[in-house]
Amino acid sequence: MTVGELYLESLATGIITPTELSWLTHGQDRFSRLEEATALRLGRLLDQGDIQLGCRLEGWRNGSVPGP
């Protein structure tokens, strides 16, 4: 996964997982300027509450999330 893919996935779902956040923080020293800017934007979205720290349900992408 790239920083851009993580950004788009987080925007689409409203969620970033702890594993993704860990990957993001541990890879900072290898990011390009664009990736750094994108990572900062993700941090701001977390701070603003626009995306949440959590988990994604399996099947979310294809609409097969089980109901109650």
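Above this text you will find the structure in question.
Computed from a predicted structure; not experimentally measured.

*Asks:* Would you explain the overall build of the protein in this entry?
*Replies:* Helix and strand counts for the protein come out as three helices and two strands. Counting from the amino terminus, helix and strand elements in the protein follow one another as α-β-α-α-β. Burial statistics for the protein: of 68 residues in total, 26% are counted as buried. Looking at the protein alone, contacts between residues at least 24 apart form 65% of all its contacts between residues at least 6 apart. Carbon and sulfur atoms provide 55% of the accessible area of the protein, an area that totals close to 4900 Å².

*Asks:* I would appreciate a short explanation of the side chain of Glu-20 in the present structure.
*Replies:* Relative to the helices and strands, Glu-20 resides in helix α2 (residues 18–26). Owing to a relative accessible area of 12%, Glu-20 belongs among the buried residues under this scheme. Glu-20 has contacts with Met-1, Leu-6, Ile-15 and Arg-56, leaving out every residue within four places of it along the chain.

*Asks:* Looking at this structure, how should I read the packing of helix α1 (residues 3–13) against helix α3 (residues 33–48)?
*Replies:* Any two packed helices are characterised by the angle at which their axes cross and by the distance between the axes. Packing of α1 against α3 leaves a shortest axis separation of 9 Å and a crossing angle of 25°. The angle between the axes of α1 and α3 places the two elements in the roughly parallel class. Note that α1 runs across α3; the crossing there is left-handed. In contact with Val-3, Leu-6, Tyr-7, Ser-10 and Leu-11 of α1, α3 contributes Glu-35, Thr-38, Ala-39, Arg-41, Leu-42 and Leu-45. Its residues assigned to classes, the contact of α1 with α3 comprises seven nonpolar, two polar and two charged.

Cut-offs and rules
Residues numbered from 1 in each chain as written. Predicted model: local features only at pLDDT ≥ 70, side-chain atom pairs only at ≥ 80, totals over all residues. Heavy atoms only, no water. Helix = DSSP H or I, 4+ residues; strand = E, 2+ residues; numbered from the N terminus. Buried < 20%, exposed > 50% of the residue type's maximum accessible area, 1.4 Å probe, protein only. Contact = heavy atoms within 4.5 Å. Areas by Shrake-Rupley, 256 points an atom, 1.4 Å probe, with all protein chains shown as cover. Axes fitted to C-alpha atoms, helices over the stretch in contact; angles between N-to-C directions. Parallel < 35°, antiparallel > 145°, perpendicular 65-115°, else oblique. Left-handed = near helix turned anticlockwise from the far one by under 90°. Nonpolar A, V, L, I, M, F, W, Y, C, P; charged D, E, K, R; others polar.

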